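So the chains spell out like this:
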Amino acid sequence: FNEKYLWLSYEESLTSEIHYDGLKPNRILGIDMNPSNIGISIIEFDEQDNFKVLHKEVFDIYKLTLASGKSSDDPESKYRTNKRRHETIQIAHIIDSLMDVWKCGKLSIEELKIKPSNKKKGKQFNRLCNNVWNRRLFKTKLNMLANEHGYDFVEVNPAYSSVIGNFE
């Protein structure tokens, strides 16, 4: 701790776990992540690997990714950063609740290993991908919730999550 912050840490395995009951192993919640939105689809497979889409939704955080035009240590910029982080965590909690409501046995998320670099698509695109996108925070929070509530957390090739995430 210091004059401004107090940090707490804990071992997940030592906390009381509340597992969701009646999860269906053939029901999957798939996530397609982008810097300014998060798309989800809940699909269910039958014995012949045919599937049907049960639910789909997009969480739009575009307005939270807009540049303030001010320095990163300006109070407005700090507020936007904190707001974006907070909303990202809240989206993870909403998705976790959907796992229980729809009794999904698996959560599928893109295995993204993007290193900060010049993407050759302009300054704003680089800003979004390298500085603004809270993909690690989102993934870490979902993984923690999966461990806590007893469903499988599966990382998949991004090409597959985008296909599943865009089913109509």
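Refer to the preceding data block for the structure.
Please read these numbers as outputs of a predicted model, since none were measured by experiment.

Undergrad: Any details on the pattern of salt bridges? Residues and values, ideally.
TA: For the coordinates displayed, the defined rule picks out six salt bridges. Salt-bridge contacts for R80 lead to E76; the nearest nitrogen and oxygen are separated by 3.5 Å. Separated by four residues within a single helix, R80 and E76 lie in helix α1 (residues 75-101), roughly one turn from each other. Among the ionic pairs, K83 bridges to E87, the shortest N-O distance being 2.8 Å. Linking K83 with E87, this pair stays in helix α1, spanning four residues, or about one helical turn. By relative accessible area, which is 23% here, E87 ends up partly exposed. Beyond isolated ion pairs, a larger network of salt bridges with shared partners links K70, E76 and R80.

Undergrad: Any details on helix α3 (residues 135-149)? Residues and values, ideally.
TA: The end-to-end C-alpha distance of α3, which contains 15 residues, comes to 21 Å, matching closely the 21 Å that a straight helix rising 1.5 Å per residue would cover. When we look at burial in α3, the residues that qualify are R135, F138, K141, L142, M144, L145, A146 and H149. G150 sits one or two residues past α3 and shows a positive phi near 85°.

Undergrad: Please set out a nonpolar patch on the surface residue by residue, giving values where relevant.
TA: Taken together, the side chains of F1, L6 and L8 present a nonpolar region at the surface, about 470 Å² in accessible area. Among the residues examined, L8 registers a relative accessible area of 76% and is labelled exposed.

Rules and cut-offs
- Residues numbered from 1 in each chain as written.
- Predicted model: local features only at pLDDT ≥ 70, side-chain atom pairs only at ≥ 80, totals over all residues.
- Heavy atoms only, no water.
- Salt bridge = Lys/Arg side-chain N within 4 Å of Asp/Glu carboxyl O.
- Helix = DSSP H or I, 4+ residues; strand = E, 2+ residues; numbered from the N terminus.
- Buried < 20%, exposed > 50% of the residue type's maximum accessible area, 1.4 Å probe, protein only.
- Expected span 1.5 Å × (residues − 1).
- Patch = residues over 30% accessible without salt bridge, like charges linked within 9 Å, V, L, I, M, F, W, Y side chains within 5 Å.
- Areas by Shrake-Rupley, 256 points an atom, 1.4 Å probe, with all protein chains shown as cover.

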